[in-house]
Amino acid sequence: MKIELNKKYDTKVEFDTNLDNNELTYDGKVIKIGLKKVDAEKIRRAASLALKKVLEIKQKEFQIKVPKLDFLDNAVVNSIVEGLLLSNYKFSKYKKQEKIKAVSLITKELNIKTTKIICEATNYARDLVNEIPSVKSTEYMESEARKIAKKLNLKITVLKENDLSRLGMNLLLSVGRSARTSPRLVIIEYLPNDKQPVIICGKGIVFDAGGMNLKPTNYIENMKLDMAGSAAVLGTIKAAAELKLNKNIIAVVPLAENAIGPNSYYPGDIIKSYRGLTVEVLNTDAEGRLILADALAYSVDKYNPKYVIDIATLTGSCLVTFGEFCTGLVSNDDALSEKLYKASLRTYERVWRLPLFDEYQDSIKGDVSDIKNIGYKRGKYAGCITAGAFLERFIKDTPWAHLDIAGAAFWEESRFYTPKGGTGAGVRLLVNLFQND
Ligand code: BES
Ligand code: ZN
Ligand code: ZN
């Protein structure tokens, strides 16, 4: 979609402070969208309503009069553009779908480069999540990572089975043992200065069948989404490099498929992790924490980061707790949690922190191993937190935040500027954090 300045189109959109939010009128000439008690999110939503109405009346181009509001014009323009670019996203690889071709903003000037980059990176993450399981192997994800690195001239390292085995990353190896393509660890470095880097680490389970603890019907259908954390991490480093942010960021992406087959790992297996801790696998469907554990432990040791953030579709528990509207946050660091919370308010990618009491740590202590991969009541109680408690065992004392996007990453219905399917959750949040940190 082209965004233009002061070009005239027949289809016209205006914002109207006499109409309530989400209210819309159309007299055949002008689409009026309600806008009251305005903030950035209300503007994004209003812009998305406008775009959808124009599609409904079968037009491909329109103009929007940018309203004079209490806050900065540039912020208004950018919120409009954000709402437009994110709503105009369609996953069109397998079915052609109507999209808006051009929007002209009637206003003084446009400075929308940053917003464009961030929205495109979000839509890129959505594309990765929406790709079908038969295409989206670990190999496919590696090649996507390589494309980003090549285009932006970033250093990329891919550790394959031999390397992983030499390094002792047996958790990652075990989870991916029975898949059509082998597990691997992708690392992309964006290092514009010589300061201590931050690490972002994303769960990349390209399909989560559950392994031997096979997922049943009604739980397995959307499990191509289980690499959404890795998509968020790739989208974020892509945007950060394109924006030339002055921040050292290392993207760490463990990739595996949690398949069931003759070579699958077993419930009851005890595996020695990269960190040296032995882990009893009481449920092969709690695989995300296993691959993240090795990736976090290895990257924290290797890069000595200022802080590390992992992002993952980790638990059904998080989805049950928050629905699709919120990301679960588990952290050992108040300052980092606060920064993420502030970024969440700015982007409306909301996060909510959960406690990490000692009792949760105690619940993953093993009987015949150092730790086990599910918490108390077979992982049923406080599942989102005990998964976080598990990860905490692998990050040493590094300031760390865990983002569980099990609900936020994939929506079963469309709302405002977020179409159903992959949402790109985490990209705008993390980029916003880095812009302000
Ligand atoms: N990928 C799933 C979590 C998930 C569920 C993400 C629904 C998005 C939507 C994860 O690997 C998983 O299966 N977790 C188990 C853990 C349990 C066995 C302790 C779960 O949440 O049921
Ligand atoms: Zn699982
Ligand atoms: Zn999973």
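The structure this text deals with has already been given above.
So, here is what we can say about the structure in this document. Per chain, residues are indexed from 1 in the order of the written sequence. The lettering of chains begins at A and the numbering of ligands begins at 1, in the order of writing. This being a predicted model, a pLDDT of at least 70 is required before a residue's local features are given, and a value of 80 or more before pairs of side-chain atoms are given or counted; all residues contribute to the totals for chains, interfaces and linings. Hydrogens and water molecules were not included; the side-chain quantities draw on all heavy atoms of the structure.

**Side note on the overall build of the protein**
Selection rule: Secondary structure is summarised from DSSP: a helix means a run of H or I of at least four residues, a strand means a run of E of at least two, and numbering begins at the N terminus for each. Only C-alpha atoms enter the radius of gyration; for comparison, a globular chain is expected to reach 2.2 Å times N to the power 0.38, where N is the number of residues. Any residue under 20% of the maximum accessible area for its type is buried, any over 50% is exposed, and the rest in between are partly exposed; the area is computed with a 1.4 Å probe on protein chains only. In what follows, a contact means two residues having at least one pair of non-hydrogen atoms within 4.5 Å. Under the convention used here, a 1.4 Å probe and the Shrake-Rupley method define accessible areas, while residue burial counts only the protein chains that appear. Charge assignment: positive for Lys and Arg, negative for Asp and Glu; neither His nor the chain ends contribute. For this purpose, a charge sits on NZ of Lys, CZ of Arg, CG of Asp or CD of Glu.
The helix and strand inventory of the protein stands at 13 helices and 20 strands. Against the 2.2 N^0.38 benchmark of 22 Å for 437 residues, the protein shows a C-alpha radius of gyration of 22 Å, consistent with a compact globule. The C-alpha extent of the protein, read off along each of the three principal axes, is 70 × 50 × 40 Å. For the protein, with 437 residues in total, the buried portion stands at 58%. Here the analysis covers contacts within the protein between residues at least 6 apart in sequence; of these, 77% occur between residues at least 24 apart. Of the roughly 18500 Å² of accessible surface on the protein, a fraction of 49% belongs to carbon and sulfur atoms. Averaging the locations of the 65 positively and 54 negatively charged side chains of the protein gives two centres separated by 5 Å.

**What to know about the nonpolar core**
Counted only if it meets this: To define a nonpolar core, start from buried Ala, Val, Leu, Ile, Met, Phe, Trp, Tyr and Cys residues and group those joined through side-chain atoms within 4.5 Å.
With 57 residues, the main nonpolar core has L234, I309, L340, L403 and F434 as its most contacted residues. The contact partners of L403, leaving out residues within four places of it in the chain, are I309, D310, I311, A312, T327, G328, L329, L340, V351, L429 and L430. With 51 residues, the next largest nonpolar core counts I205, V281, Y303 and V308 among its residues.

**Concerning the sheet that holds strand β2 (residues 12–16)**
Heads up, the rule is: Should DSSP find at least two bridges between two strands, the strands are taken to pair. Helix axes are fitted to C-alpha atoms over the stretch in contact, other axes to C-alpha atoms as well, and angles between N-to-C directions run from 0 to 180 degrees.
Across the sheet, six strands lie side by side as β1-β6-β5-β2-β4-β3; this open sheet has mixed pairing. Both edges of this open sheet fall to β1 (2–5) and β3 (24–26), since each of them pairs with a single strand only. Each strand axis lies, on average, 25° off the axis of its neighbour in the sheet, ignoring direction. For β1 and strand β6 (residues 102–106), the ladder comprises four bridges, and the chain directions are parallel. Each bridged residue has a counterpart across the sheet, and for K2 the counterpart in β6 is A102. Lying over the sheet, helix α1 (residues 40–56) contacts β2, β3, β4 (30–34) and β5 (61–65), oriented at roughly 150° with respect to β4. Of the strands in this sheet, β1, β2, β5 and β6 touch helix α2 (residues 73–87), which is tilted by about 165° from β6.

**Thoughts on the coordination of the zinc ion (ligand 2)**
What counts, and what does not: Coordinating donors are taken to be N, O and S atoms lying within 2.8 Å of the metal, or within 3.2 Å when the metal is Na, K or Ca; because water is excluded from the atom set, some sites may appear incomplete. Here the metal geometry follows the donor angles, with tetrahedral for four donors whose angles all fall between 85 and 135 degrees, square planar for four and octahedral for six when opposite donors are more than 155 degrees apart and every other angle is between 65 and 115, and irregular for all the rest.
Around the zinc ion (ligand 2), the protein contributes the donor atoms D208 (OD), D285 (O), D285 (OD) and E287 (OE), at 2.0 to 2.2 Å from the metal centre. In this structure, the zinc ion (ligand 2) is surrounded by six donor atoms whose angles at the metal cover 71 to 171°, and the resulting shape is irregular. Look at where the donors of the zinc ion (ligand 2) fall in the sequence and you get D-x76-D-x1-E. Separating the zinc ion (ligand 2) from the zinc ion (ligand 3) is a gap of 3.2 Å, bridged by D208, which donates to each.

**What about the site of ligand 1?**
The test is simple: Nearness is defined per residue: one heavy atom within 4 Å of the molecule or strand is enough. The term polar contact refers here to a pair of N or O atoms within 3.5 Å; inside protein, the definition further demands a hydrogen-donor-capable atom paired with an acceptor-capable atom, and it admits residues adjacent in sequence only when both atoms are side-chain atoms. Nonpolar residues are Ala, Val, Leu, Ile, Met, Phe, Trp, Tyr, Cys and Pro. Charged residues are Asp, Glu, Lys and Arg, and all others, Gly as well, are polar.
Lining the immediate environment of ligand 1, one finds 17 residues, of which K215, D226, D285, E287 and G316 sit closest. E287 has a polar side-chain atom sitting 2.9 Å from an oxygen atom of ligand 1. Here an oxygen atom of ligand 1 and a backbone polar atom of G316 are 2.6 Å apart. Within the complex, the protein chains bury 83% of what would otherwise be the 520 Å² of accessible surface of ligand 1. Residues of the shell around ligand 1, tallied by class, amount to six nonpolar, four polar and seven charged.

**Things to note about the environment of Y348**
In this fold, Y348 is placed in the loop between α10 (334–347) and β16 (351–353). Other than its neighbours up to four places away in sequence, Y348 contacts E41, R44, R45 and Y417.

**Notes on the packing of α10 against helix α13 (residues 427–436)**
Quick reminder of the rule: Throughout, a crossing is termed right-handed when the near helix is turned clockwise from the far one, and left-handed when it is turned anticlockwise from it by less than a right angle.
Interaxial distance between α10 and α13 falls to 9 Å at its minimum, and their mutual angle equals 115°. Between α10 and α13 lies a crossing whose hand is right-handed. Contacts between α10 and α13 involve K339, L340, A343, S344, R346 and T347 on the former and, on the latter, R428, L429, L430, N432, L433 and N436. Classifying every residue of the contact of α10 with α13 gives five nonpolar, four polar and three charged.

**Here we look at the packing of helix α8 (residues 288–303) against helix α12 (residues 383–392)**
Formally: Note on terminology: angles under 35 degrees are roughly parallel, angles over 145 are roughly antiparallel, angles of 65 to 115 are roughly perpendicular, and the others are oblique.
Where α8 meets α12, the axes come as close as 9 Å, and the angle between the chain directions of the two elements is 30°. Judged by the angle between their axes, α8 and α12 are roughly parallel. In terms of crossing hand, the pair formed by α8 and α12 is right-handed. Of the residues in α12, those in contact with R289, L290, L292, A293 and L296 of α8 are A387, F390 and L391. Its residues placed into classes, the contact of α8 with α12 shows seven nonpolar, no polar and one charged.

**Points about the side chain of S369**
Inspection of the secondary structure puts S369 in the loop between α11 (358–362) and β17 (371–372). Once residues lying within four places of it in the same chain are set aside, the contact partners of S369 are I270, T278, V279 and E280.

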